[in-house]
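# Inside the fold
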Amino acid sequence: MELCDCTAAELSTMLRKGEVSSKEITESVLKRIDEKEKELNAYITVTRDKALSQAEIADKRFNKKQKVSLLNGIPIALKDNLCTKSILTTCGSKILENYIPPYDATAVNKVFQEGAVLIGKTNLDEFGMGSSTENSAFGPTRNPINIAFVAGGSSGGSAAAVAAGETILALGTDTGGSVRMPAAYCGVVGIKPTYGRVSRYGLISYASSLDQIGALGRTVEDCAILLNAICGYDKYDSTSAKIEKPNFLDSLKKNIKGLKIGLPKEYFIEGLDLQIKDKILKAVKLFEENGAVIIDISLPHTKYAISAYYLIAPAEASSNLARYDGVKYGLRATENITDSLRMYEETRNLGFGKEVKRRIILGTYVLSAGYYDAYYLKAQKVRTLIKNDFDQSFEKVDVIITPVTPTPPFRLGEKIADPLKMYLMDVYTVSLNMAGLPGMSLNCGMIDGLPVGFQIIGKPFDEEMVLRVGHAYELFVGRGA
Ligand code: GLN
């Protein structure tokens, strides 16, 4: 096994003992990128020089015997919608193809403070809109397990990079499943924390009431290490929560005896691939055999989740994306332009891809005077009902287990021409964003050689329980230490 295939926890121990240097780890990751990146396209930018200089600084901290974080010297990749000072940040869009932010996002700043080494910025569906990373202006990312298949999306670059050893850890963002879904498709772990747990300052907005930064790694423990770094109140984000941050690694030490796990019947009905269902029920059985209590629950408004999400998310997107007008950032159309209105129009026409335009039109429509009550307001009411369903269920259970996706990974090009089919991939993930809940996706086996995930959903701000249950599963199946 090469260094780039180890977990962050293993590498951190080796670094502490002086058995390896951050430079060696970083070089191992960069070598893997040289070998694989041409076929995977997980990165939009590889920050080779920055990585090597950050690795050198991290090594100096060890040499000077300074007290350092578990992240010191560990390679990390960042989704390219997280602002990085002086480093290209494109959002996977032509409209930001030359945008260089003047500041670091808070989450980025925090991982740098702890000594993580930036490997590069990862590919994504344009502005996070998609479920396969095929909507990137920089070409699709391929699944490292089988390159004929998609990596999932929209954080497909981050998930593929972790799975392929092109990084050790990664940050993604999740508006309707974009951390959990690609994690499931690439066979890694991905956690979306509670809305408000991580500052969104410097995360380029897609749908602000749903967006949340999340962690991807090879194990639950690695995700806990990364969450420890990025969570916490931030005065620059008024929606970040003033709530105490636990040590997420402590939650891994507790077992799951007597814990109550809810299985919502609406998540296991027609439409779910039978082999996925089978794998998830096997995982549930393992929990039961190890002392958990399985309880059938109902989340009756689940069937409205996709419709409500695809009204709310485009509505917010249409407002957030109004700022790209060729004046303040990125691309500006100039050819044959005589007046400013034409400049705005042509910049947006050239700069935005098809899916982004579709969502701007949809969002503008549902927010327009005559339709606001019928669509947007109605969707917001449904959102409350979905949240109430979860609140009621969490009076009876500690966590809820569901699928992440209705089907295993699909082939590149298979769904791209049919947006509705693509939207349906999000059926099990969007409800958590609408309710603001934490959720983690974890591998539970393979179907036809491709990974399948299951989802663990927690109460608001109870990431500890989600991690505890996920880590217990890894121990049952002999993954994780
Ligand atoms: N697939 C969903 C969408 O396209 C979710 C994307 C995300 O979480 N960023 O909106």
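Per chain, residue numbering runs from 1 following the sequence as it is written. With the structure being a predicted model, the display of local features is reserved for residues of pLDDT at least 70 and the display and counting of side-chain atom pairs for 80 or more, all residues being used for whole-chain, interface and lining totals. Note: side-chain values were computed over all heavy atoms of the structure, leaving out hydrogens and water.

## Comments concerning the site of the ligand
The environment of the ligand is made up of 15 residues, and the closest members are Thr 175, Gly 176, Ser 178, Tyr 206 and Tyr 309. Within the contact set of the ligand, a nitrogen atom lies 2.8 Å away from a backbone nitrogen or oxygen of Gly 128. Whenever a nitrogen or oxygen atom comes within 3.5 Å of another N or O atom, the pair is scored as a polar contact, on the condition that within protein one atom can donate a hydrogen and the other can accept it, and that pairs from neighbouring residues in sequence are kept only if both atoms are in side chains. With respect to the ligand, the side chain of Tyr 309 contributes an N or O atom lying 2.7 Å from an oxygen atom. When the ligand sits alone it has 290 Å² of accessible area, and the protein chains cover 99% of it. Ten residue types, Ala, Val, Leu, Ile, Met, Phe, Trp, Tyr, Cys and Pro, are classed as nonpolar, four, Asp, Glu, Lys and Arg, as charged, and the remainder, Gly among them, as polar. Looking at the shell around the ligand, its residues break down into 4 nonpolar, 8 polar and 3 charged. One heavy atom within 4 Å of a molecule or strand makes the whole residue count as near it. Residue exposure ignores everything except the shown protein chains as possible cover, and the areas themselves are Shrake-Rupley values with a 1.4 Å probe.

## Things to note about the state of the cysteines
Throughout, a disulfide means two cysteine sulfur atoms within 2.5 Å of one another. Counted under the stated rule, the structure contains 0 disulfides. The thiol of Cys 223 is unpaired, and the distance to the nearest cysteine sulfur, on Cys 231, comes to 11 Å. With no disulfide of its own, Cys 444 has Cys 186 as its nearest cysteine by sulfur position, at a separation of 15 Å. According to the relative accessible area criterion, Cys 444 is buried, its value standing at 8%. Burial classification: accessible surface area is computed with a 1.4 Å probe over protein chains only, and a residue below 20% of its type maximum counts as buried, one above 50% as exposed, and the rest as partly exposed.

## A word on the sheet that holds strand β4 (residues 169-174)
In short, DSSP must find at least two bridges between two strands for them to pair. Runs of E in the DSSP output that reach at least two residues are strands. Runs of H or I that reach at least four are helices, and both are numbered from the N terminus. Read across the open sheet, the 11 strands follow the order β1-β3-β2-β4-β6-β5-β10-β11-β9-β7-β8; overall the sheet is mixed. Two strands bound the open sheet, and with one partner strand each, they are β1 (43-46) and β8 (293-297). Direction aside, neighbouring strands of the sheet carry axes that sit 30° apart on average. As defined by bridge partners, strand β5 (residues 189-192) adjoins strand β10 (residues 439-447) across 3 bridges and the pair is classed as antiparallel. Residue pairing in the sheet places Gly 190 in a bridge with Ser 441 of β10. What makes two residues a contact is simply this: any of their non-hydrogen atoms within 4.5 Å. Every axis corresponds to a line fitted to the C-alpha atoms, with the helix fit spanning only the stretch in contact, and the corresponding angles, defined between N-to-C directions, vary from 0 to 180 degrees. Relative to β10, helix α15 (residues 463-476) is tilted by about 20°, and along the sheet it contacts β5, β9 (399-403), β10 and β11 (450-458).

## Considerations on unusual backbone geometry
The peptide bond linking Gly 153 to Ser 154 adopts the cis configuration, its omega dihedral lying at 10°. Mapped onto the elements of the fold, Ser 154 is located in the loop between β3 (117-122) and α5 (156-164). Here the phi dihedral of Ser 86 falls at roughly 65°; this positive angle occurs in a residue that is not glycine. Topologically, Ser 86 is positioned in the loop between β2 (75-79) and α4 (106-113). Judged by relative accessible area, which is 57%, Ser 86 ranks as exposed. Positive phi outside glycine occurs at Thr 133, with the angle close to 60°. Among the secondary structure elements, Thr 133 is positioned in the loop between β3 and α5. Overall, Thr 133 belongs to the buried group, its relative accessible area being 0%.

## As for the pattern of salt bridges
Salt bridge, as used here: a side-chain nitrogen of Lys or Arg that lies within 4 Å of a carboxyl oxygen of Asp or Glu. Counted under the stated rule, the structure contains 19 salt bridges. A salt bridge links Glu 355 to Arg 359; the nearest nitrogen and oxygen atoms lie 2.7 Å apart. With Glu 355 and Arg 359 both in helix α11 (residues 354-367), this residue pair falls 4 residues apart, about one helical turn. Comparing Glu 355 with Arg 359 shows no difference in burial state: the two are buried. A salt bridge links Asp 391 to Lys 387; its shortest N-O distance comes to 3.0 Å. Remark: Lys 387 and Asp 391 occur in helix α12 (residues 372-393); sequence separation between them is 4 residues, near one turn of the helix. For Lys 387, a relative accessible area of 27% gives the class partly exposed. A single network of salt bridges, built from pairs that share partners, joins Glu 2, Asp 5, Lys 31, Arg 32 and Glu 35.

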